[in-house]
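Residue-level structure breakdown
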Amino acid sequence: MTDQRTETSLSAELRAATLRLSRRLRREKADDELSDAQSGVLGALLRRGALTPAALSAHERVTPPSMNRTLNILESAGYVTRTKSEDDRRLVLVELTDAGRRVVLETRRRRDAWLDQRLAALDADELAVLEGAAGILRRMADQ
């Protein structure tokens, strides 16, 4: 039988470590004015392509009015455009502009560079542990 205190301690350690790492990585971005929610929308559009505001709302788990405010800001910044769908003129599609694509890619580059720098300071055993843990953490997040 597993000691409950040990599980709770591991849970607390993993929670604290992943939250701190996530917060630190989020600071590495190409546009300091973008909120995490706005950055998330840009990333979703890069990964998934053009989407309707309703699909973006569902994907990001926010209300349609909240998504509309986010899209207004991103459109004003020149990062997205909204156009009528050619298939169904009642639908609006949101797409990344070239500037939006650049800000997402530069943010990813900065985050990777920050993480690469920290990984370079680790020894081979630590890197092996992290390599195994990365797959486990991804599986946990996808459940």
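Quick notes on the rules
- Residues numbered from 1 in each chain as written.
- Predicted model: local features only at pLDDT ≥ 70, side-chain atom pairs only at ≥ 80, totals over all residues.
- Heavy atoms only, no water.
- Helix = DSSP H or I, 4+ residues; strand = E, 2+ residues; numbered from the N terminus.
- Polar contact = N/O pair within 3.5 Å; in protein donor to acceptor, adjacent residues only side chain to side chain.
- Contact = heavy atoms within 4.5 Å.
- Core = buried A, V, L, I, M, F, W, Y, C linked by side-chain atoms within 4.5 Å.
- Buried < 20%, exposed > 50% of the residue type's maximum accessible area, 1.4 Å probe, protein only.
- Patch = residues over 30% accessible without salt bridge, like charges linked within 9 Å, V, L, I, M, F, W, Y side chains within 5 Å.
- Areas by Shrake-Rupley, 256 points an atom, 1.4 Å probe, with all protein chains shown as cover.
- Salt bridge = Lys/Arg side-chain N within 4 Å of Asp/Glu carboxyl O.

1. Things to note about the side chain of Thr-52
With respect to the helices and strands, Thr-52 occurs in the loop between α2 (36-48) and α3 (53-60). Within the structure, the side chain of Thr-52 is placed 3.0 Å from the backbone nitrogen of Ala-55, a separation counted as a polar contact. Residues in contact with Thr-52, not counting those within four places in the same chain, are Leu-91, Val-92 and Leu-93.

2. As for the nonpolar core
If you look at the biggest cluster of nonpolar residues, it comprises 16 residues, and the most contacted ones within it are Val-41, Leu-42, Leu-45, Leu-56, Leu-74 and Val-80. Those elements that provide at least two residues to this core are α2, α4 (64-76), β2 (92-96) and α5 (98-120). Of all the elements, α2 adds the most residues to this core, at four residues. Apart from residues lying up to four places away in sequence, Leu-42 is in contact with Leu-34, Leu-74, Tyr-79, Val-80, Leu-96, Val-103 and Val-104.

3. Concerning a nonpolar patch on the surface
Side chains of Leu-10, Leu-14, Ile-136, Leu-137 and Met-140 sit close together on the surface and give an oily, nonpolar patch of about 440 Å² of accessible area. For the nonpolar patch, the secondary-structure elements that each account for two or more residues are α1 (4-26) and α6 (124-142). Along the chain, Leu-14 falls in helix α1. Accessibility expressed as a relative area gives 35% for Leu-14, which makes it partly exposed.

4. So, the pattern of salt bridges
The final tally for this structure, using the stated rule, is six salt bridges. Asp-36 is paired through a salt bridge with Arg-26; the nearest N and O atoms lie 2.9 Å apart. Here Asp-36, found in helix α2, pairs with Arg-26, found in helix α1; they are 10 residues apart in sequence, far enough to count as distant. What makes Asp-36 partly exposed here is its relative accessible area of 42%. What makes Arg-26 partly exposed here is its relative accessible area of 30%. Glu-75 is paired through a salt bridge with Arg-82; the nearest N and O atoms lie 3.1 Å apart. We classify Arg-82 as partly exposed; its relative accessible area is 23%. Here the salt bridges do not stand alone but share partners, grouping Glu-106, Arg-109 and Arg-110 into one network.

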